Amino acid sequence: MKEKIIKISILLAVELAIILLICGLNGVLTTDLPPKEVTRFVCDGFFSAGLLFICFGGFVWTKKQGAYDGFGYTVNLWKEQIFNNKRDWHAKEKYSDYKERVAEKNKKKSFSEFLLVGGVSTVIASILLIVYNFAF
């Protein structure tokens, strides 16, 4: 549980950095903008950060399901053939063994934190969009 809280805290810090970067690049932090524009840029920041985390969480989920195992196996074979000093061109590991090894390693990976942080950020962006459209 403590590891999850630490991971969520790190993700929130990265999310805040992304939001501040987007707001800073649009002049929210340095110039005096009308409230409508400030709301728009903050909404853009939350949506961009949220979408980034949701997409990354989806990537981790598909990797955990084994969608990229064939690509990884091929890259490992190429790496062995290119950097093998003995020039032994026989595969050291069968694909089924590789798939089992990677599946065992991927069991430890979690994607729910990315989806949680990204989902909350997207909900905040949706609220800000409603405020932007109806309050001004």
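All of these numbers come straight from a predicted model, not from anything done at the bench. (Residues numbered from 1 in each chain as written. Predicted model: local features only at pLDDT ≥ 70, side-chain atom pairs only at ≥ 80, totals over all residues. Heavy atoms only, no water.)

Colleague: Run through the packing of helix H3 (residues 69–83) against helix H4 (residues 95–106), naming residues and quoting values.
Modeller: Viewed as axis vectors pointing N to C, H3 and H4 meet at an angle of 115°, and their least axial separation amounts to 10 Å. For the crossing formed where H3 meets H4, the hand is right-handed. Taking contact as the criterion, the partners of Asp69, Gly70, Gly72, Tyr73 and Asn76 in H3 are, on H4, Tyr95, Tyr98, Lys99, Arg101 and Val102. Across the contact of H3 with H4, the residue classes break down as four nonpolar, three polar and three charged. (Axes fitted to C-alpha atoms, helices over the stretch in contact; angles between N-to-C directions. Helix = DSSP H or I, 4+ residues; strand = E, 2+ residues; numbered from the N terminus. Left-handed = near helix turned anticlockwise from the far one by under 90°. Contact = heavy atoms within 4.5 Å. Nonpolar A, V, L, I, M, F, W, Y, C, P; charged D, E, K, R; others polar.)

Colleague: Run through the confidence of the model for the protein, naming residues and quoting values.
Modeller: Residue-level pLDDT values for the protein average 91, and 95% of them are 70 or greater. Mean pLDDT values for the elements of the protein range from 86 in H3 up to 96 in helix H5 (residues 112–134). (pLDDT = per-residue confidence, 0-100.)

Colleague: Can you break down the pattern of salt bridges residue by residue, with the values?
Modeller: Going through the model one piece at a time under the given rule, you end up with six salt bridges. Among the salt bridges present, the one from Lys4 reaches Glu113, with a minimum N-O distance of 3.9 Å. Here the residue Lys4 occupies a position in helix H1 (residues 2–25), and Glu113 occupies one in helix H5, the gap between them amounting to 109 residues. Residue Glu113 is classed as buried on the basis of its relative accessible area, which comes to 4%. A single salt-bridge network, built from bridges that share partners, covers Lys4, Lys7 and Glu113. (Salt bridge = Lys/Arg side-chain N within 4 Å of Asp/Glu carboxyl O. Buried < 20%, exposed > 50% of the residue type's maximum accessible area, 1.4 Å probe, protein only.)

Colleague: Outline the packing of aromatic side chains, listing residues and values.
Modeller: Using the criterion set out here, one finds six aromatic pairs in the structure. Look at Phe53 and Phe114: their rings are 6.3 Å apart centre to centre, the planes differ by 25°, and that puts the pair in the stacked class. Linking Phe53 in helix H2 (residues 35–65) with Phe114 in helix H5, this pair joins segments that are 61 residues apart in sequence. Phe53 gets classed as buried once you look at its relative accessible area, which sits at 6%. A network of ring pairs unites the aromatic residues Phe53, Phe56, Phe59, Tyr68 and Phe114 as a single cluster. (Phe/Tyr/Trp six-rings, centres within 6.5 Å; stacked < 30°, edge-to-face > 60°.)

Colleague: Go over the side chain of Ser121 with me, naming the residues and quoting the values.
Modeller: Checked against the element boundaries, Ser121 lands in helix H5. The exposure class assigned to Ser121 is buried, which follows from its relative accessible area of 1%. Here the side chain of Ser121 touches Glu15 through a polar contact of 2.8 Å, side chain to side chain. A distance of 3.5 Å separates the side chain of Ser121 from the backbone nitrogen of Gly50, its partner in a polar contact. If we skip the residues at most four places from it in the chain, Ser121 touches Glu15, Phe46, Ala49 and Gly50. (Polar contact = N/O pair within 3.5 Å; in protein donor to acceptor, adjacent residues only side chain to side chain.)

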